[in-house]
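Listed below are the residues making up each chain.
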Number of protein chains: 2
Amino acid sequence: MQNFNFCSPTYFEFGKNSEAQAGELVRKYGGKKVLLHYGGGSIKKSGLYDRVVKSLSDKDIDFVELGGAQPNPIDTLVYEGIELCRNEKVDFILAVGGGSAIDSAKAIAAGVPYDGDFWDFFSGTYIEEALPVGTVLTIAAAGSEGSCNSVITKVDGKLKRGACGEVIRPVFSILNPELTQTLPPYHTAAGSTDILVHIFERYFSNTEEVEVTDRLCEALAKTVINQTPRVIADPNNYAARANIMWAGMIAHNNLCGVGRDQDWASHAMEHELSAAYDAIHGAGLAVINPAWMKFVSKKNPHKFEQFAKQIWEVDDIDTAIARYREFLKNIGMPSSIKEFGGVEEDIPKLAKNIGLTEERDFGGYVELNIHDVEEIYKLAF
Amino acid sequence: MQNFNFCSPTYFEFGKNSEAQAGELVRKYGGKKVLLHYGGGSIKKSGLYDRVVKSLSDKDIDFVELGGAQPNPIDTLVYEGIELCRNEKVDFILAVGGGSAIDSAKAIAAGVPYDGDFWDFFSGTYIEEALPVGTVLTIAAAGSEGSCNSVITKVDGKLKRGACGEVIRPVFSILNPELTQTLPPYHTAAGSTDILVHIFERYFSNTEEVEVTDRLCEALAKTVINQTPRVIADPNNYAARANIMWAGMIAHNNLCGVGRDQDWASHAMEHELSAAYDAIHGAGLAVINPAWMKFVSKKNPHKFEQFAKQIWEVDDIDTAIARYREFLKNIGMPSSIKEFGGVEEDIPKLAKNIGLTEERDFGGYVELNIHDVEEIYKLAF
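Just so it is clear, the structure is predicted and the values come from calculations on it, not from any experiment.

Analysis parameters
Residues numbered from 1 in each chain as written. Chains lettered and ligands numbered in written order. Predicted model: local features only at pLDDT ≥ 70, side-chain atom pairs only at ≥ 80, totals over all residues. Heavy atoms only, no water. Least-squares fit on C-alpha atoms with pLDDT ≥ 70 in both. Contact = heavy atoms within 4.5 Å. Buried area = accessible area lost by both parts, 1.4 Å probe. Salt bridge = Lys/Arg side-chain N within 4 Å of Asp/Glu carboxyl O. Polar contact = N/O pair within 3.5 Å; in protein donor to acceptor, adjacent residues only side chain to side chain. Helix = DSSP H or I, 4+ residues; strand = E, 2+ residues; numbered from the N terminus. Nonpolar A, V, L, I, M, F, W, Y, C, P; charged D, E, K, R; others polar. Pairing = 2+ DSSP bridges. Expected span 1.5 Å × (residues − 1). Buried < 20%, exposed > 50% of the residue type's maximum accessible area, 1.4 Å probe, protein only. Arc of directions from axis to C-beta. Axes fitted to C-alpha atoms, helices over the stretch in contact; angles between N-to-C directions. Parallel < 35°, antiparallel > 145°, perpendicular 65-115°, else oblique. Core = buried A, V, L, I, M, F, W, Y, C linked by side-chain atoms within 4.5 Å. Phe/Tyr/Trp six-rings, centres within 6.5 Å; stacked < 30°, edge-to-face > 60°. Lys NZ or Arg CZ within 6 Å of the ring centre and 35° of its normal.

Asks: Please give an account of the relation of the copies chain B and chain A that cites residues and values.
Replies: What connects the two chain copies is a rotation about an axis and a shift along it. At an RMSD of 0.0 Å, chain B and chain A line up after a rotation of 180° and a shift of 0.0 Å along the axis. Both copies of the chain, as the preceding transformation shows, are related through a two-fold rotation axis. Relative to the rotation axis, the closest C-alpha in chain B is found at Pro9(B), a distance of 1.8 Å. Most of the interface of chain B is mirrored in chain A: 100% of its interface residues are interface residues there too.

Spelled out as C-alpha cells, the structure:
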C-alpha cells in the first residue's frame, strides 16, 4: 500500500423526500443567493423543481436559475453561468440533476472567483477557490455528488476534459432514490455501468498488498451487478435503486482508490466517443471497458484472475470478461461503437484526439501507446 | 434501506512518516496552543513523542502536555485535562495514542467550553461544542480516529459510558501503520477483535435490502480475518498492518452502518467486563461477542446464515461461530471471563450494571432482557 491522504467531507442526506432539506442545507452552508442549475425540463415535469424551489423559498433564500445542462456538459453554458453568477452576486450553486448538471455547476463555481478563463482548470491549472456547491442528485452514475472532479466538453474542437479540486467537492448532496425511478432504462443501465467502471478503474492496479481496497471494490461491484437487473425489471424498485445510489457515491469519492495506482485509460478512451458521437458516458464505457479488458488481460493477467474469481465466481479470465459483456448486454447497453454511428475509419482520429504519441502513453495498469489504443478501439467495433 | 444522513469530514494522512505532518495539520485546523494528550511512556520510548514535538515546534506551535490516559480512560484525568486547558488557554487537542488517549481527548475537548460537568455528555446530553481534536493513532482498534464517539469510565462506581457528537469527530487523523509494529501481540489481536465487532454490531440487523452495506461489512471483516494472523506471525508486516489500520477506520466511521438498525448489545455487555475486571476492550469483546452469537442465532438465525456463507464460507451457523471462536483463539484472545479473573457469582451484578430490567431491554438484532443477558454472560464463562 502506498502513502495517501483522504478527505470526503460532503454531508449526505439520503432517502425518501430528502430534497425537502435543500433550503435548510443551503442555509447551513452559508448560501444566501443561489444559482439553481439543472438540465432539461424533466425536473419540472416530475415536480422536483417545484419542491426544491419551495424548500428554498421556505428558508427565504433568493435564487436565479440556469437550465440546459446536457449530457457531456459544454463550456458555453459554463461561461453563461459564470456571467450570471457575477451579475447576480450569487454565493452558492445548487445543482439539481445528474453528473452533467453537477459537473457544469462545479465548473461555474470554480470560474466565478477566477480572473482568467475557467478552461484553464481543464487544461491543468489546479482549482484553488470556488463558490460552494450543493446537489440534489437525480441519477446514480457519475459519483460527482461526492467527488472533487468535473468533466466538461469544449464545443470548439469537441474536447472533453476533466478538472479536479477539493474546493469543488459538494458541501452537501441530497440523494433520494425515488428521484431515479423515472429514468429511462437505458439511462439507468448507463448509470450502473459508469459506477462499475469507476470501481474497475481503481481495481485494476499493480500496487501490491491492498486487500482492504480490493475487497471494498469487489463489494461495490457485486452490489451493482446484483441490483441493476432488478431495477431494469422494475423501475420502481426503491430498495434496489437505494443500494445502487449509495454504491455509486462510494465508488467515486475515492475511499476505494486510496493507496494504490489507478488506471483510467477506459475513461480517457470513452471521452472521445462522447465527444465524437455524443454517446452517453456510461454507454460509451460499456463498449470500451470490456474491449480494454480483452486487450490488457493478455499483457498483464494477474489482477484479472482475481476479477474472475471474486467478482464473477469463475476461474477463467476470458469467461469473466464474457460474463461482464453479457451482463452489460442484458441490461440494455451497446456492445459496439457502430451502435453510436461510428465507422472504423474514425479510429485514427479518436486515438489521436486523446493526445497520445509513440512516446507518450497512459494507463496505470498496462501502459498504452497510440497503437495499443487503436487496437482497443478496433476491439470495440 | 432506511433514510439516513452521513458525514465523515475527518482528513486522513496515511502512511510511513505521516506523523511529521502533525504540526502542519494543527496549524491548518487553527491550533495555536495545543494540549498534547497521550497514555503511558511508550511514545517516549519509541521516539514518537520527540517526532511529534519537533513537528509542532517546527511550526512554532506552543503546547502543554498531559500523559496518563490508560485503557478504559477515566473521568478523573478528563477533569484534570479540562482544568489544564482552561488555565493554559488551549485551543486545540492533539491525542497521540490509541482509542483511550483519543476518547479521553474528545471528552476534554467537549468539557472545556461547557459550563456544567462533562459527565453530563456521558449521561445523555448531546455535545454541542468542543475544541477541535486531532490524532496520531498508534493502534488499529477503536476507530475513534474517524468517529464521533468517546467512551469514558467513571472511577466512582466503575461506570463505563459512551457519548457522541459531531463536534468531537477528529478534524484530522494521522495513521502511520509503522507505529503499530511495536504493539504486543495481545494488544494487536485485541485491536483486530474490536474492529471485527464494530463491523458485526452493524452487520447484524433486521433491516432488509441493505446489500451495499452488508457487502462492505463483509469486505472489511474478511480483510481483518485474513490480515491479522499475518501480523501475529510477523509484527513488522507493514502491509498487513496498513490493511488492518484502514479497515479499522472504515469499520467505525459508520459508512457501513447507515440506513440500517444496528445491534450494540455486545459492546454494552463488554463495557461491564472492562469496568469490573479492567479487561482490555477487544479482549472482552472476544469473549462476549461469540457468546452473544451463540445465544441470539437460535432466536433469529436469518442473518447468521449470510454470516456463515459470506464471511466463513460454510453452510452451517454453528460451524461459522466455532470458526470465529477458533480464529480469536488462534490470534491469542481469551475465550472465557474466567481468564479475566471473573467468577460466575459476578453475573447478576454484571447484568444489573447494564441498567436493564425485566421491562427495559436492548439489542437491535434480538431484544435482550436482563435474564437473556445473564444467559449470555454464562455462555461466556
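Asks: Please give an account of the interface of chain B and chain A that cites residues and values.
Replies: Chain B puts 38 residues into the contact, and the matching count from chain A is 38 residues. Together, the buried faces of chain B and chain A total about 3500 Å²; carbon and sulfur atoms form 56% of this surface. Our count for the chain B to chain A interface comes out at two salt bridges. Close ionic contact of Arg230(B) with Glu209(A) constitutes a salt bridge, the shortest N to O distance being 2.8 Å. For the pair chain B and chain A, the interface holds 20 residue pairs in polar contact (both at pLDDT 80 or more). Elements represented by at least two residues in the side of chain B that touches chain A include exactly strand S1 (4-14), helix H7 (211-233) and helix H8 (238-250) of chain B. Considering each element in turn, the side of chain B that touches chain A owes the most residues, 12 residues, to H7(B). Per-class residue counts for the side of chain B that touches chain A are 21 nonpolar, 10 polar and seven charged. Relative to S1(B), strand S1 (residues 4-14) of chain A runs antiparallel, the two being bridged by seven bridges.

Asks: Explain helix H5 (residues 99-111) of chain B to me, using residue names and the numbers behind them.
Replies: Residues and elements named next belong to chain B. The terminal C-alpha atoms of H5 lie 18 Å apart, and with 13 residues this matches the ideal 18 Å at 1.5 Å per residue to within 8%. Among the 13 residues that make up H5, 12 are buried, leaving the element largely enclosed by the rest of the structure. Along H5, the residues classified as buried are Gly99, Ala101, Ile102, Asp103, Ser104, Ala105, Lys106, Ala107, Ile108, Ala109, Ala110 and Gly111. On the buried face of H5, the contacting elements are strand S2 (33-38), strand S3 (62-66), helix H4 (75-88), strand S4 (92-97), strand S5 (133-137) and strand S6 (149-154).

Asks: Explain helix H14 (residues 370-379) of chain A residue by residue, including any values.
Replies: For an α-helix, 3.6 residues make a turn, and residues three or four places apart therefore share a direction. Residues and elements named next belong to chain A. Along H14, the residues that are buried comprise Ile370, Asp372, Val373, Ile376 and Tyr377. The arc enclosing the buried residues of H14, seen along the axis, measures out at 155°, which places them on a common side. At its buried positions, H14 is contacted by helix H9 (265-277), helix H10 (281-299) and helix H13 (347-353).

Asks: Residues and numbers for the side chain of Ser18(B), please.
Replies: Residues and elements named next belong to chain B. With respect to the secondary-structure elements, Ser18 resides in the loop between S1 and helix H1 (22-28). Under the relative-accessibility criterion, Ser18 is labelled buried at 5%. A polar contact of 2.7 Å, which involves the side chain of Ser18, links it to the backbone oxygen of Gly15. Excluding residues within four positions of it along the chain, Ser18 makes contact with Glu13, Ile174, Leu175 and Asn176.

Asks: Explain the environment of Ile102(B) to me, and be specific about the residues and the numbers.
Replies: One can find Ile102(B) in helix H5. Residues within four places of Ile102(B) in sequence aside, it is in contact with Ala95(B), Gly97(B), Thr135(B), Leu137(B), Ser144(B) and Glu145(B).

Asks: I'd love a proper account of the sheet that holds strand S8 (residues 172-175) of chain B, names of residues and values included.
Replies: Read across the sheet, 12 strands follow the order S3(A)-S2(A)-S4(A)-S5(A)-S8(A)-S1(A)-S1(B)-S8(B)-S5(B)-S4(B)-S2(B)-S3(B) without closing on themselves; strand pairing throughout is mixed. Among the strands making up the open sheet, the edge pair consists of strand S3 (62-66) of chain A together with S3 of chain B. Pairs of neighbouring strands in the sheet enclose a mean axial angle of 25°, with direction left out of account. Here four bridges tie S1(A) to strand S8 (residues 172-175) of chain A, and the two strands are oriented parallel to one another. Within the sheet, the bridge partner assigned to Phe12(A) lies in S8(A) and is Ser173(A).

Asks: Kindly report on the pattern of salt bridges, identifying the contributing residues and their values.
Replies: Once their charged atoms are close, side chains differing in charge can pair, the charge on each being opposite to the other. Residue and element names in this part refer to chain A. Scanning the model with the defined rule gives 28 salt bridges over all chains in all. The salt bridge involving Asp214 is made with Arg260; its shortest N-O contact spans 2.8 Å. With Asp214 in helix H7 (residues 211-233) and Arg260 in the loop between helix H8 (238-250) and H9, this residue pair connects regions lying 46 residues apart in the sequence. The class of Arg260 is buried, set by a relative accessible area of 4%.

Asks: An account of the environment of Cys85(A) is requested, with residue identities and associated values reported.
Replies: Residue and element names in this part refer to chain A. Relative to the helices and strands, Cys85 resides in helix H4 (residues 75-88). Residue classification places Cys85 among the buried positions, given a relative accessible area of 1%. Between the alpha carbons of Cys85 and Phe295 there is a distance of 46 Å; along the sequence they are 210 residues apart. Ignoring any residue separated from it by four or fewer positions in sequence, one finds Cys85 in contact with Leu35, Val90, Ile93, Ile108 and Val112.

Asks: Kindly report on the packing of helix H6 (residues 185-203) of chain B against helix H12 (residues 317-330) of chain B, identifying the contributing residues and their values.
Replies: Working note: a packed helix pair is described by the angle between its axes plus the distance between those axes. Residue and element names in this part refer to chain B. Axis separation between H6 and H12 bottoms out at 12 Å; the angle between their running directions is 155°. In terms of axis orientation, H6 runs roughly antiparallel to H12. Touching Thr193, Leu196, Val197 and Phe200 of H6 are Tyr324, Phe327 and Leu328, all from H12. Of the residues belonging to the contact of H6 with H12, the class tally is six nonpolar, one polar and no charged.

Asks: Any details on unusual backbone geometry? Residues and values, ideally.
Replies: Of note in this structure, Glu313(A) is not a glycine but carries a positive phi near 55°. Summarising the element assignment, Glu313(A) is placed in the loop between helix H11 (302-311) and helix H12 (317-330). Positive phi outside glycine occurs at Asp60(B), with the angle close to 55°. Take Asp60(B): it is sitting in the loop between helix H3 (48-58) and S3.

Asks: Which residues make up the nonpolar core, and what values go with them?
Replies: Counting 233 residues, the largest nonpolar core has Trp246(A), Phe307(A), Trp246(B) and Phe307(B) as the members making the most contacts within it. Contacts of Phe307(A), omitting those with residues within four sequence positions, involve Phe200(A), Tyr203(A), Phe204(A), Met293(A), Trp312(A), Ala320(A), Ile321(A) and Tyr324(A).

Asks: Report on the packing of aromatic side chains, specifying residues and quantitative values.
Replies: Counted according to the given criterion, the structure contains 58 aromatic pairs over all chains. Their ring planes at 85° and their centres at 5.3 Å tell us that Phe200(A) and Phe307(A) sit as a pair that is edge-to-face. Here Phe200(A) is found in helix H6 (residues 185-203), whereas its partner Phe307(A) is found in helix H11, with 107 residues between them in sequence. Grouped by ring-pair contacts, the aromatic residues Phe200(A), Tyr203(A), Phe204(A), Trp292(A), Phe304(A), Phe307(A), Trp312(A), Tyr324(A), Phe327(A) and Tyr365(A) constitute a single cluster. Lying across the ring of Tyr49(B), Lys44(B) places its NZ or CZ 4.6 Å from the centre.

Fair warning: the whole summary comes from geometry, so function is off the table for now.
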